[in-house]
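# Architecture at a glance
Each chain, written out:
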Amino acid sequence: MEPSPQRQLFGGAISTTFPLRFEDVSNIREVPDHQEVFVDPARDESLIIELLEMKHDVPDDGSATWFLQDLASEQGAEGNIVTEQSAVFEAQGLGYGNTPSVITTAAAQMAISKGRQGREAQNLVKVYLANLRLKGVQTDVLITAYEPVFISPSSESARSVGAGLTVPAADSGRTPMADVFKHVVATFRINDWNLFGAAAV
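The rules we used
- Residues numbered from 1 in each chain as written.
- Predicted model: local features only at pLDDT ≥ 70, side-chain atom pairs only at ≥ 80, totals over all residues.
- Heavy atoms only, no water.
- Helix = DSSP H or I, 4+ residues; strand = E, 2+ residues; numbered from the N terminus.
- Contact = heavy atoms within 4.5 Å.
- Pairing = 2+ DSSP bridges.
- Phe/Tyr/Trp six-rings, centres within 6.5 Å; stacked < 30°, edge-to-face > 60°.
- Core = buried A, V, L, I, M, F, W, Y, C linked by side-chain atoms within 4.5 Å.
- Buried < 20%, exposed > 50% of the residue type's maximum accessible area, 1.4 Å probe, protein only.
- pLDDT = per-residue confidence, 0-100.

Right, let's talk about the side chain of Ser 63 for a bit. Take Ser 63: it is sitting in helix H1 (residues 63–74). In contact with Ser 63, other than residues within four places in its own chain, are Val 58, Thr 104, Asn 131 and Arg 133.

Here we come to the sheet that holds strand S12 (residues 189–190). The strand order across the open sheet formed by three strands is S1-S2-S12, and the pairing between neighbours is antiparallel. Edge positions in the sheet fall to strand S1 (6–9) and S12, since each of these pairs with one other strand and no more. Pairing of S1 with strand S2 (residues 14–17), which is carried by four bridges, proceeds in the antiparallel orientation. From the neighbouring strand, Arg 7 faces S2, where its bridge partner is Thr 16.

Attention now goes to the packing of aromatic side chains. Across all of its chains, the model carries six aromatic pairs by this definition. Measuring from centroid to centroid gives 5.0 Å for Trp 66 and Phe 67, while their planes differ by 90°, and the two rings are edge-to-face.

In terms of nonpolar packing, the biggest core is built from 29 residues, with Leu 47 and Phe 188 touching the most fellow members. Secondary-structure elements contributing two or more residues to this core are strand S5 (45–53), strand S8 (102–112), strand S9 (123–134), strand S10 (139–151) and helix H3 (177–186). Contacts of Phe 188, omitting those with residues within four sequence positions, involve Ile 14, Ser 15, Thr 16, Ile 49, Leu 94, Leu 132, Val 141 and Ile 143. Residues Val 31, Ala 64, Met 110 and Val 127 belong to the second largest nonpolar core, which totals 18 residues.

This brings us to the pairing of S5. Burial within S5 is extensive, with seven of its nine residues counted as buried. Note: strand S4 (residues 35–40) against S5, six bridges, orientation antiparallel. The residue bridging Val 39 from the neighbouring strand is Ser 46, located in S5. In this antiparallel pair of consecutive strands, S4 and S5, the connection spans four residues, and Asp 44 shows a positive phi of 60°.

Let's shift gears to the side chain of Asp 40. Positionally, Asp 40 belongs in strand S4. Setting aside anything within four residues of it in sequence, one finds Asp 40 in contact with Arg 21, Phe 22 and Glu 45.

A few words on the confidence of the model for the protein. On average, residues of the protein score 83 in pLDDT, and 77% of them are at 70 or above. Within the protein, S2 carries the highest mean pLDDT (97), whereas helix H2 (residues 157–161) carries the lowest (57).

Right, here's the structure in full:
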């Protein structure tokens with residue numbers, strides 16, 4: 001296992017742990033204020049932590065699957081097969097006031113093109129998503145991890161990673177993305193509830 005130091009997100013208001021090979025994308029390009037984006041360019045793997053206003057019309061049971069399908073349609077993904085879906089669990093230590101928070105997770109495999117590339121450049125990607133519902137501050141936190149399984153020769157990723165089946169992380173001394181994802185979720189902490197503004201009063 002690679003060392004996974006604690007990483008400060010949203011100015012230190014949130015922290016979690018994941019390997020140093022994931023670089024902060026905001027050092028390269030602008031990232032929306034409600035997102036933190038990290039990428040390992042050598043493996044084309046990425047990790048996104050996103051804060052959204054709570055979707056009250058989405059039930060807790062299966063909420064991660066709902067967000068995963070929403071993401072798939074937003075990215076024009078094809079062959080979206082949900083392979084795993086968890087039950088609803090209380091998120092220990094992440095309640096606000098007397099209001100508990102809950103979490104669900106889901107995973108799917110889908111064909112996604114990078115940026116504005118067309119269908120001929122679609123990569124097969126395993127996507128892991130956790131939906132942490134901070135009910136006390138009316139916020140849906142999404143933790144999304146992308147792990148390419150097959151890189152299209154036409155994809156811009158092929159230049160940096162190589163086309164075809166990707167080398168399993170463990171074979172190159174890296175922590176598998178499924179484990180990186182689980183660790184991010186397990187070590188996710190809120191250090192400053194003021195991040196959520198008026199909702200945290």
